[in-house]
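Survey of secondary and tertiary structure
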Amino acid sequence: GLEENTLVIFTSDNGGAEYIGLHDINKPYRGWKMTFFEGGVRTPFFVKWPARLPAGERFDAPAAHVDIFATAAGAAGAPLPSDRVIDGVDLVKLARGEAQGRSHGAIFWRSGHYRAILADDWKLQVSERPKKTWLFDLSSDPTEQRNLAATRPDKAAELGAILAEHEQQ
């Protein structure tokens, strides 16, 4: 009964690396490992748990590695710690319809001077070196071809404020 009753998670920490010489490795998505473009952060995330999840079930909302802890705790029936903020959510509850809404209000990434936020299909990326801002509406531009930072400064400022608040935590 181990196979039936064991939660197995298969994922990757980033998209394929461009430096190995396969320039289209993440096609059709832009970017690769070490970037926050979809080619760098859109990765497989599969969960298998035959006793609790039907085969072939899909959950299309964004998930992140921070969800693994909350998902494993939920699978084990363990309460989440109450003495700290837990960024992740129990994906099994969401996939089974036992919790409502999307998986996250926002997902954040940071590597030194480079930061990003994904919230409600909008992604803002900010780099300090070089100084650059990208804003994408992934619902209409999933391959991030149209930088809307100059034409939607309101949305860039809104996401920038959420990112700044997150960094203060």
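Everything discussed here concerns the structure shown above.
Let me sum up the structure you'll find in this document. (Residues numbered from 1 in each chain as written. Predicted model: local features only at pLDDT ≥ 70, side-chain atom pairs only at ≥ 80, totals over all residues. Heavy atoms only, no water.)

**Overview of the sheet that holds strand β3 (residues 107–111)**
Pairing is antiparallel in the open sheet, where four strands are placed in the order β3-β4-β5-β6. Strands with a single pairing partner mark the edges of an open sheet, and in this sheet they are β3 and β6 (131–137). Along the sheet, successive strands turn relative to each other by an average axial angle of 10°, direction set aside. Note: β3 against strand β4 (residues 114–119), five bridges, orientation antiparallel. Paired with Phe108 across the strands is Ile117, a residue of β4. Against the sheet, helix α5 (residues 153–168) engages β3, β4, β5 (122–128) and β6, with an angle of about 110° to β4. (Pairing = 2+ DSSP bridges. Helix = DSSP H or I, 4+ residues; strand = E, 2+ residues; numbered from the N terminus. Axes fitted to C-alpha atoms, helices over the stretch in contact; angles between N-to-C directions. Contact = heavy atoms within 4.5 Å.)

**Notes on the packing of aromatic side chains**
Taken as a whole, this structure holds six aromatic pairs when the rule is applied. Ring geometry for Phe37 versus Trp134: centroids 5.3 Å apart, planes at 75°, classification edge-to-face. A residue pair is termed long-range when its members are at least 10 positions apart, and Phe37 in the loop between β1 (8–11) and α2 (38–41) and Trp134 in strand β6 qualify at 97 residues. You can call Phe37 buried: its relative accessible area is 8%. Through a chain of ring-to-ring contacts, three or more aromatic side chains come together here, namely Phe36, Phe37, Trp109, Tyr114, Trp134 and Phe136. Geometry around Trp109 places Lys123 over its ring, the cationic atom sitting 5.9 Å from the centre. (Phe/Tyr/Trp six-rings, centres within 6.5 Å; stacked < 30°, edge-to-face > 60°. Buried < 20%, exposed > 50% of the residue type's maximum accessible area, 1.4 Å probe, protein only. Lys NZ or Arg CZ within 6 Å of the ring centre and 35° of its normal.)

**Side note on the side chain of Asn26**
Looking at the secondary structure, you find Asn26 in the loop between β1 and α2. Judged by relative accessible area, which is 15%, Asn26 ranks as buried. A polar side-chain atom of Asn26 sits 2.9 Å from the main-chain amide nitrogen of Gly16. Setting aside its immediate chain neighbours within four residues, Asn26 contacts Gly15, Gly16, Gly31, Trp32 and Gly39. (Polar contact = N/O pair within 3.5 Å; in protein donor to acceptor, adjacent residues only side chain to side chain.)

**Observations regarding unusual backbone geometry**
Excluding glycine, a negative phi dihedral is what most residues carry, and trans is how most peptide bonds are arranged. The omega torsion across Lys27 and Pro28 is 15°, close enough to zero to call that bond cis. Along the chain, Pro28 falls in the loop between β1 and α2. Omega for the peptide link from Arg129 to Pro130 comes to 0°, which places this bond in the cis form. Checked against the element boundaries, Pro130 lands in the loop between β5 and β6.

**Focus on the nonpolar core**
The biggest cluster of nonpolar side chains holds eleven residues, and these are Ala106, Ile117, Ala119, Trp122, Leu124, Val126, Leu135, Ala149, Ala156, Leu159 and Leu163. Among all residues touching Ala106, those that are not within four sequence positions of it are Ile117, Leu118 and Ala119. If you look at the next biggest cluster of nonpolar residues, it comprises nine residues, including Leu118, Trp134, Phe136 and Leu138. (Core = buried A, V, L, I, M, F, W, Y, C linked by side-chain atoms within 4.5 Å.)

**Here's the deal with the pattern of salt bridges**
Applying the stated rule across the entire model yields 14 salt bridges. For Arg152, the salt bridge identified is with Asp154, shortest N-O distance 3.0 Å. For Lys155, the salt bridge goes to Glu158, with nearest N and O atoms at 3.4 Å. Pair noted here: Lys155 and Glu158 are both in helix α5, with a separation of three residues, about one helical turn. Relative accessible area serves as the criterion here: at 41%, Glu158 is assigned to the partly exposed category. One network of salt bridges, with partners in common, ties together Arg110, Arg115, Glu128, Lys131 and Glu167. (Salt bridge = Lys/Arg side-chain N within 4 Å of Asp/Glu carboxyl O.)

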